[in-house]
Amino acid sequence: MLASALALAACDRQGAAQAAAVDLPPLKSLAAFPVGTCVQAVQLDDPGFAALVAAQVSQLTAEWEMKMEYIVQDDGSFRFDAPDRIAAFARTHGLRFFGHTLVWYAQSPPAFERLDAGRIAFDGAYRNYIHAVVGRYRGQAVGWDVVNEAVAEDGEGWRDSLWSQRLGRLEHMTLAFQHAREADPEAVLFLNDYNLENLPKKRATFLKLAEALLKAGAPLGGLGTQTHVAADLKAGELAAALKDLASLGLPIHLSEMDVSLSRAEGLIRDPAKLAAGQARVYAEAAEAFSSLPAQQRFAFTHWGLRDKDSWLKREDAADTPLLFDDAGRPKSAAAAWAGGLR
Ligand code: G3I
């Protein structure tokens, strides 16, 4: 309540778009668990951004440069310059480094697509890619999103992909986990997905997939819930989702949080109400994640720190979904998130 009141008060004066900066200690000093953000290598050229990241968080996820779209070249070779740079920055600043993501329905580079349908060549290339990527960051990456967004949006089964077509609906996933485990015996291996808060049927199918992977002997070590939500998310849905996801007893990575104002259809376009809704959602997420058993609190990752860095700006440049303003100052949303911590 206090956090929301703080947020509302701050926003009344300024309006949501220019939410006032607040005084707040570094996020990672406030939380009893690792706090993360996503980064792109090019952002590390900005000394202000680099200093903000080093000060505020204890874990980094590559926003896109550890995915096939960056690593796998058309000739089948791999490039690692950007992920190596992010890994080096994490090492230099004593930050954990989280790998995202190995197998995603949304990315199937030509180098894989042109492999003949013959399973041997494809299977070999799949294994080689996972070993090359996970093996390169062995001892650096604390964990990996091995499979990303495998569940159909309507919760009716699993998504179709080049990977499922060539290697099998469940088998392409168990193989990915096994290859990743062979390449790094220590990293925590995650199944990651989104809209698990507002789509209970999708969440149920996600949990059933996790159980199927465990039953098939996959070394599944954690569940990632992206938490790309909007300021009109119904109160209690996020907390209910986290409780449900934690029911398997696996570590939980709240892996990609942002709270969009622009995507909030349910709220009238009143800046103060949008900001208050955003504050409420951030506070609920912090409180619910804080309430998980300590051994299940893997990390809480914000999908960016400064509003201007958010992928959501590509959808609506006026959106302000994150905890820090464009100058890197904490907003009332950050106070609300901090107020929810336990
Ligand atoms: O920076 C290059 C630019 O130099 C080049 O000219 C241009 C050519 O296309 O690409 C630019 O890179 C883009 C990159 O974002 C940085 O802006 C990539 O094309 C683009 O694919 C990439 O989008 C990322 C997207 O995942 C796909 O990888 C977003 O930044 C990233 O926020 C988004 O993150 C996903 C998570 O991985 C999974 N969950 C959903 C989340 C949001 O979509």
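Look up: the structure comes first, before these words.
Residues numbered from 1 in each chain as written. Predicted model: local features only at pLDDT ≥ 70, side-chain atom pairs only at ≥ 80, totals over all residues. Heavy atoms only, no water.

It is at 8 Å that the axes of helix H11 (residues 237-245) and helix H12 (residues 271-290) come closest, and there the two elements cross at 25 degrees. The orientation of H11 with respect to H12, classified from their angle, is roughly parallel. Crossing geometry of H11 relative to H12 is assigned as right-handed. Here Glu237, Leu238, Ala239 and Leu242 of H11 come into contact with H12, specifically with Val281, Glu284, Ala285, Ala288 and Phe289. (Axes fitted to C-alpha atoms, helices over the stretch in contact; angles between N-to-C directions. Helix = DSSP H or I, 4+ residues; strand = E, 2+ residues; numbered from the N terminus. Parallel < 35°, antiparallel > 145°, perpendicular 65-115°, else oblique. Left-handed = near helix turned anticlockwise from the far one by under 90°. Contact = heavy atoms within 4.5 Å.)

Attention shifts here to the site of the ligand. Taken together, the neighbourhood of the ligand is formed by 16 residues, with Glu63, Lys67, Glu69, His100 and Glu256 sitting nearest. Note that an oxygen atom of the ligand is positioned 3.5 Å from one of the side-chain N or O atoms of Gln107. Within the complex, the protein chains bury 59% of what would otherwise be the 790 Å² of accessible surface of the ligand. (Near = heavy atom within 4 Å. Polar contact = N/O pair within 3.5 Å; in protein donor to acceptor, adjacent residues only side chain to side chain. Areas by Shrake-Rupley, 256 points an atom, 1.4 Å probe, with all protein chains shown as cover.)

Given two aromatic rings, their pairing is described by the distance between the two centres and the angle made by the two planes. For the coordinates displayed, the defined rule picks out 18 aromatic pairs. Between the aromatic rings of Tyr126 and Trp163, the centroid separation amounts to 5.8 Å while the plane-to-plane angle is 35 degrees, which identifies the pairing as tilted. Of this pair, Tyr126 sits in helix H7 (residues 119-136) while Trp163 sits in helix H8 (residues 162-167), placing them 37 residues apart in sequence. Each member of the pair, Tyr126 as well as Trp163, is classed as buried. Three or more aromatic residues joined by ring pairs make a cluster, and in this case those are Phe78, Phe80, Phe97, Phe112, Phe122, Tyr126, Tyr129, Tyr137 and Trp163. Above the face of the Phe298 ring, Arg96 is positioned so that its terminal group lies 4.7 Å from the ring centre. The side chain of Lys202 reaches across the aromatic face of Tyr194, ending 3.5 Å from its centre. (Phe/Tyr/Trp six-rings, centres within 6.5 Å; stacked < 30°, edge-to-face > 60°. Buried < 20%, exposed > 50% of the residue type's maximum accessible area, 1.4 Å probe, protein only. Lys NZ or Arg CZ within 6 Å of the ring centre and 35° of its normal.)

It is at 11 Å that the axes of helix H10 (residues 200-215) and H11 come closest, and there the two elements cross at 15 degrees. Taken as axis vectors, H10 and H11 run roughly parallel relative to one another. In the crossing of H10 with H11, the sense of the turn from one axis to the other is right-handed. Contacts between H10 and H11 involve Arg203, Phe206 and Leu207 from the former and Ala241, Asp244 and Leu245 from the latter. Each residue belonging to the contact of H10 with H11 can be placed in one class, and the counts come to four nonpolar, no polar and two charged. (Nonpolar A, V, L, I, M, F, W, Y, C, P; charged D, E, K, R; others polar.)

What follows concerns the pattern of salt bridges. All chains considered together, the criterion is met by 15 salt bridges. The salt bridge partner of Glu315 is Arg263, with a shortest N-O separation of 2.7 Å. Of this pair, Glu315 sits in the loop between strand E9 (297-302) and helix H13 (332-340) while Arg263 sits in the loop between strand E8 (252-260) and H12, and the two are 52 residues apart along the sequence. Arg263 gets classed as partly exposed once you look at its relative accessible area, which sits at 32%. Salt bridges sharing common partners tie together Glu153, Arg159, Asp193 and Lys202. (Salt bridge = Lys/Arg side-chain N within 4 Å of Asp/Glu carboxyl O.)

Our next topic: the nonpolar core. One finds Leu102, Tyr126, Trp144, Leu191, Met257 and Trp337 to be the most contacted residues of the largest nonpolar core, which totals 97 residues. When residues of this core are assigned to their parent elements, the largest contribution, seven residues, is made by H12. Residues contacting Met257, with those up to four places away along its chain left out, are Gln226, Thr227, Val229, Leu238, Val281, Tyr282, Ala285, Phe300, Thr301, His302, Trp303 and Leu322. (Core = buried A, V, L, I, M, F, W, Y, C linked by side-chain atoms within 4.5 Å.)

Tracing the chain through its elements places Leu191 in strand E5 (residues 188-193). A sequence separation of 22 residues divides Leu191 from Leu213, and the C-alpha atoms of the two residues are 9.6 Å apart. Every residue in contact with Leu191, bar those within four places of it in the chain, is listed here: Val147, Phe177, Phe206, Leu209, Ala210, Leu213, Leu220, Gly222, Leu223 and Gly224.

So, on to the pairing of strand E2 (residues 59-62). Residue alternation in E2 divides its side chains into two sets, Gln59 and Thr61 and Leu60 and Ala62, and both sets are buried. As paired strands, E2 and strand E3 (residues 96-104) are joined by three bridges and run parallel to one another. Within the sheet, the bridge partner assigned to Thr61 lies in E3 and is Phe98. (Pairing = 2+ DSSP bridges.)

Let's shift gears to unusual backbone geometry. The step from His100 to Thr101 runs through a cis peptide bond, and the omega angle for that step is -10 degrees. Within the fold, Thr101 resides in strand E3. In this structure, Glu149 takes a positive phi of about 60 degrees despite not being glycine. Locating Glu149 in the fold gives a position in the loop between strand E4 (141-148) and H8. With phi around 60 degrees, Asn195 is a residue other than glycine that occupies positive phi space.

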